[in-house]
Amino acid sequence: MRQTSQISKLTSVRAGFMALALTIIGAGFSAAQAEEAPAAAPAAAAVVPGKPKTDPAAGEALYSNGDASRGVVACVGCHGPNGKSASGAWPKLAAQHPAYIVKQLKNFKEGTRANAVMMGMAAPLTEQDMANIAAYLGKQEPSPGVATNKDTIELGQSIYRGGIASKGVPACAGCHSPNGAGIPSQYPRLSGQWADYANAQLIAFREGTRMNAPKMTVISSKMNDKEMKAVADYMAGLH
Ligand code: HEC
Ligand code: HEC
């Protein structure tokens, strides 16, 4: 116990130092900019809005230890070491695309993705925190999974690859890519994700508790429970 708290103390000291160092570098940078172009935009624009410089090491520290002084809870407790969570109650975040993670955290914060737990977790995060954590998670190895229901695997595969033509459901592969790795900055990785979690998201899209993806709202509204379960199970084993 004592060792753990010393390590986390050390880590937060290190994180604090890095934040300080970055602030100093940042201040130097904007001062230099201001000298070169005094009449242009105000010097405070060292960080381009919407495109903060990311610091994966600071992201890792926040992910692993939280920050009690700001009410940030350690993500690792639910999402697991390196973003590999231990059960379908919590999504795997390893190797998820950073832009997607940042978007989800903003959506939780603003409430377009209504989840009581994550709305609380996202509330104290700044945009810089979000970008840092996302950069750290995006660098982790993907966490493979397995499909567990052999009775529905064929149905799941046919939906993933070909959609359901009779109902106008498009092929999931068309956006999420044939191997489920997704497409950075547009479509999230689905391969290896816990089936229980993916299934719960499809239901949340259909029921309107998750309102941050109009395309997924339309697609899920055309799917029944059996189809959702089948495709979620198939995607867990996809790689
Ligand atoms: C107490 C458990 C818990 C903690 C701690 C926690 N989360 Fe979560 N997280 C969840 C749950 C549950 C969900 C699924 C929410 C849903 O169903 O919409 C989730 C979902 C997410 C998602 C969306 C994943 C996806 O594939 O769309 C992201 C991103 C995320 N969490 C990031 C974080 C970060 C960053 C932290 C730390 C600051 C954190 N979480 C702390 C439980 C937790
Ligand atoms: C037209 C493109 C498109 C198609 C086709 C599509 N999706 Fe998606 N899907 C998206 C987008 C965009 C998101 C991310 C939304 C967001 O930013 O929150 C998403 C998110 C998801 C998520 C949530 C992932 C997470 O980590 O929470 C699941 C699950 C999902 N899609 C399943 C499917 C399935 C199953 C199919 C096929 C039946 C499918 N999608 C077809 C665009 C698509």
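Residues numbered from 1 in each chain as written. Chains lettered and ligands numbered in written order. Predicted model: local features only at pLDDT ≥ 70, side-chain atom pairs only at ≥ 80, totals over all residues.

## Points about the site of ligand 1
Logical step 1: Neighbouring residues of ligand 1: 20 residues in total, closest Cys75, Cys78, Gln104, Asn115 and Met121.
Logical step 2: Looking at the shell around ligand 1, the elements with two or more residues in it are helix H3 (76–79), helix H4 (98–110) and helix H5 (116–122).
Logical step 3: Of the residues in the shell around ligand 1, the class split is 14 nonpolar, five polar and one charged. (Near = placed C-beta within 6 Å. Helix = DSSP H or I, 4+ residues; strand = E, 2+ residues; numbered from the N terminus. Nonpolar A, V, L, I, M, F, W, Y, C, P; charged D, E, K, R; others polar.)

## A few points about the UniProt feature "binding site: heme c 2" (unreviewed entry) in the protein chain
Logical step 1: UniProt's entry tags Cys172, Cys175, His176 and Met216 with the feature "binding site: heme c 2" (unreviewed entry), counted in the numbering of this structure. Taken along the chain, the residues just named run across 45 residues; in space they keep tight, none of their C-alpha pairs more than 11.6 Å apart.
Logical step 2: Among the secondary structure elements, Cys172 is positioned in the loop between helix H7 (153–162) and helix H8 (173–176).
Logical step 3: Excluding residues that lie within four positions of it along the chain, Cys172 makes contacts with Ile159, Tyr160 and Val231. (UniProt positions renumbered as here; feature names shortened; annotations may be inferred. Contact = placed C-beta atoms within 7 Å.)

## Quick notes on the site of ligand 2
Logical step 1: With respect to spatial proximity, 22 residues lie near ligand 2, and among them Pro170, Cys172, Cys175, Ala198 and Ala213 are the closest.
Logical step 2: Those elements that place two or more of their residues in the shell around ligand 2 are H4, H8, helix H9 (195–207) and helix H10 (214–221).
Logical step 3: In terms of residue class, the shell around ligand 2 is made up of 16 nonpolar, four polar and two charged.

## Considering the packing of helix H2 (residues 56–65) against helix H6 (residues 127–138)
Logical step 1: At their nearest, the axes of H2 and H6 sit 7 Å apart, and the two run at 95° to each other. On the basis of their axis angle, the class for H2 and H6 is roughly perpendicular. Contacts between H2 and H6 involve Pro56, Ala58, Gly59, Glu60, Leu62 and Tyr63 from the first element and Asp129, Asn132, Ile133, Ala135 and Tyr136 from the second. (Axes fitted to C-alpha atoms, helices over the stretch in contact; angles between N-to-C directions. Parallel < 35°, antiparallel > 145°, perpendicular 65-115°, else oblique.)

## Structural notes on the environment of Ala99
Logical step 1: Position of Ala99 among the secondary structure elements: in helix H4.
Logical step 2: With near-sequence residues (within four places) excluded, Ala99 lies in contact with Pro184 and Ser185.

## A short note on the UniProt feature "binding site: heme c 1" (unreviewed entry) in the protein chain
Logical step 1: Mapped onto this structure's residue numbering, the UniProt feature "binding site: heme c 1" (unreviewed entry) falls at Cys75, Cys78, His79 and Met118. The named residues occupy 44 residues along the chain; their greatest pairwise C-alpha distance, 11.5 Å, places them in one compact cluster.
Logical step 2: Assignment of secondary structure puts Cys78 in helix H3.
Logical step 3: Residue classification places Cys78 among the partly exposed positions, given that 17 C-beta atoms sit within 10 Å.
Logical step 4: Setting aside residues up to four positions removed in sequence, Cys78 forms contacts with Ser85 and Trp90.
Logical step 5: Topologically, His79 is positioned in helix H3.
Logical step 6: Ignoring any residue separated from it by four or fewer positions in sequence, one finds His79 in contact with Ser85, Trp90 and Leu93. (Buried ≥ 20, exposed ≤ 12 C-beta atoms within 10 Å, placed from the backbone.)

## Brief notes about unusual backbone geometry
Logical step 1: Of note in this structure, Ala95 is not a glycine but carries a positive phi near 65°.
Logical step 2: A positive phi angle is found at Ser177, which is not glycine, with a value near 75°.
Logical step 3: Tracing the sequence through the fold places Ser177 in the loop between H8 and H9.

## Looking at the nonpolar core
Logical step 1: Residues Ile101, Leu105, Met130, Ile133, Ala134 and Leu137 are the most contacted members of the largest nonpolar core, which totals 24 residues.
Logical step 2: Elements with a contribution of two residues or more to this core: H2, H4, H5 and H6.
Logical step 3: The contacts of Met130, once residues within four sequence positions are left out, are Val102, Leu105, Lys106 and Leu125.
Logical step 4: Core analysis: the next-biggest nonpolar cluster, separate from the first, contains 18 residues, Trp194, Ala198, Ala236 and Leu238 among them. (Core = buried A, V, L, I, M, F, W, Y, C linked by C-beta atoms within 7 Å.)

## Some remarks on helix H11 (residues 225–237)
Logical step 1: With 13 residues, H11 extends 19 Å from end C-alpha to end C-alpha; this agrees with the ideal 18 Å at 1.5 Å per step.
Logical step 2: Judged by how many residues are buried, H11 sits mostly within the fold: 10 of 13 residues are covered.
Logical step 3: Residues of H11 that are buried: Glu227, Met228, Lys229, Ala230, Val231, Ala232, Asp233, Tyr234, Met235 and Ala236.
Logical step 4: Those residues of H11 that are buried are in contact with H7 and H9. (Expected span 1.5 Å × (residues − 1).)

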